[in-house]
Amino acid sequence: MSSTDAGALLGPADIRELAARLGVRPTKQRGQNFVIDANTVRRIVRTADVRPDDVVVEVGPGLGSLTLALLEAADRVTAVEIDDVLAAALPSTVQARLPGRADRFALVHSDALHITGLPGPAPTALVANLPYNVAVPVLLHMLDRFPTIERTLVMVQSEVADRLAAPPGSKVYGVPSVKAAWYADVKRAGAIGRTVFWPAPNVDSGLVSLVRRPAPPRTTATKEQVFAVIDAAFAQRRKTLRAALAGWAGSAAAAEAALTAAGISPQARGEALTVEQFAAIAERRPAAA
């Protein structure tokens, strides 16, 4: 970062002044917690390995703390913001604090869960402090909708970070873990304390890194068919797969036949299986089911 840009980032006083001017009070309903520490946003950009040629998409930019740090490092940044007041204010903040980069910034005023396209060049990276209440669905939607996103770094609730990065066999391995693994190699990339936010959340936060796989698991089943097996397997996670997949297969006996054909014990449970094994089961769903 050049010395001329050193003052571009937002500090605690800047954030509070901006919020007061806009009449913004962070809402629990939207899971809003604004980052007020410039060192934290620099660390996120560094951990995300944002490169000078990257086209970064950011979801939930809020008042612009992370946006400004991303704009300093990337070729361009597109921010997706659902909140009317925040979406209206962000372009002015960028123009005021990083005028030389303002033409590299685009704002999409929309719900990220329903977004189908973005302006400008295709995104190569997703970096975001995701609203905690919709973090997993937004992450999966963005990875699915924008296959050009190669690298992702998201800040989420620590417990969600653990779940996303959990390996098969872990107690917290579940639907988010398996579905994220369909798209990417996932790992924890650090912890974030509560004091860097305003308001300070009552939970810890974690960084999760996702590097897109060269291709999804090789399978004749569609993503939707594989995800249906994952959902069924974890809907009753205490049950064996023979029992948990009975509805999906049409009967417990049909589930057992599909599992056996896929080389998986009918007595196994969902938390023991890799995404490739779920794909193998999906391929063997009875035609009548």
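Please read these numbers as outputs of a predicted model, since none were measured by experiment.

### Some words on the packing of aromatic side chains
Here is step 1 of the chain: Tallied over the entire structure, the rule returns five aromatic pairs.
Here is step 2 of the chain: Between the aromatic rings of phenylalanine 34 and tryptophan 198, the centroid separation amounts to 6.2 Å while the plane-to-plane angle is 35°, which identifies the pairing as tilted. You can see phenylalanine 34 sitting in strand β1 (residues 34-35) and its partner tryptophan 198 sitting in strand β8 (residues 197-198), a full 164 residues away along the chain.
Here is step 3 of the chain: On the accessibility criterion, phenylalanine 34 (6% relative accessible area) is buried.
Here is step 4 of the chain: Taking the centre distance of 5.9 Å and the plane angle of 80° together, the rings of tryptophan 182 and phenylalanine 227 count as edge-to-face. Here phenylalanine 227 lies in helix α8 (residues 223-235) and tryptophan 182 lies in helix α7 (residues 175-183), a separation of 45 residues in the sequence.
Here is step 5 of the chain: Since its relative accessible area comes to 6%, tryptophan 182 is described here as buried.

### What about unusual backbone geometry?
Here is step 1 of the chain: For the peptide bond that leads from tryptophan 198 to proline 199, omega is -10°, which places it in the cis range.
Here is step 2 of the chain: Within the secondary structure, proline 199 is located in the loop between β8 and β9 (205-212).
Here is step 3 of the chain: Positive phi is not limited to glycine here, since aspartate 49 has a value of about 55°.
Here is step 4 of the chain: By the secondary structure assignment, aspartate 49 is in the loop between α2 (38-47) and β2 (55-59).
Here is step 5 of the chain: You can call aspartate 49 partly exposed: its relative accessible area is 36%.

### Details of the sheet that holds β2
Here is step 1 of the chain: Strands sit in the order β4-β3-β2-β5-β6-β9-β7 across an open sheet of seven strands; the sheet is mixed. The sheet is open, and its two borders are formed by β4 (105-109) and β7 (184-192), each paired with just one other strand. Each strand of the sheet is rotated relative to its neighbour by a mean of 20°, with strand direction disregarded.
Here is step 2 of the chain: Taken together, the five bridges between strand β3 (residues 76-81) and β4 define a ladder with parallel strand orientation. Bridge pairing links glutamate 81 to histidine 109 in β4.
Here is step 3 of the chain: Contacts from α7 reach β7 and β9 within the one sheet, and its direction differs from that of β7 by about 120°.

### Notes on the confidence of the model for the protein
Here is step 1 of the chain: On average, the protein scores 94 in pLDDT, and the residues at 70 or more come to 95%.
Here is step 2 of the chain: Note that pLDDT drops below 50 for residues 1-5; the model gives that stretch six contacts with residues more than four away or on any other chain.

### Remarks on the pattern of salt bridges
If charged atoms from side chains of opposite charge come close, those side chains can pair.
Here is step 1 of the chain: Inspection of every chain in the model, using the stated rule, returns 14 salt bridges.
Here is step 2 of the chain: In this structure, glutamate 256 engages arginine 242 in a salt bridge whose closest nitrogen and oxygen atoms are separated by 2.5 Å. A residue pair is termed long-range when its members are at least 10 positions apart, and glutamate 256 in helix α11 (residues 252-261) and arginine 242 in helix α9 (residues 241-244) qualify at 14 residues.
Here is step 3 of the chain: Looking at glutamate 256, the relative accessible area reads 31%, which means it is partly exposed.
Here is step 4 of the chain: Each of Asp75, Arg76 and Arg104 takes part in salt bridges that share partners, so that together they form one network.

How each quantity is defined
- Residues numbered from 1 in each chain as written.
- Predicted model: local features only at pLDDT ≥ 70, side-chain atom pairs only at ≥ 80, totals over all residues.
- Heavy atoms only, no water.
- Phe/Tyr/Trp six-rings, centres within 6.5 Å; stacked < 30°, edge-to-face > 60°.
- Helix = DSSP H or I, 4+ residues; strand = E, 2+ residues; numbered from the N terminus.
- Buried < 20%, exposed > 50% of the residue type's maximum accessible area, 1.4 Å probe, protein only.
- Pairing = 2+ DSSP bridges.
- Axes fitted to C-alpha atoms, helices over the stretch in contact; angles between N-to-C directions.
- Contact = heavy atoms within 4.5 Å.
- pLDDT = per-residue confidence, 0-100.
- Salt bridge = Lys/Arg side-chain N within 4 Å of Asp/Glu carboxyl O.

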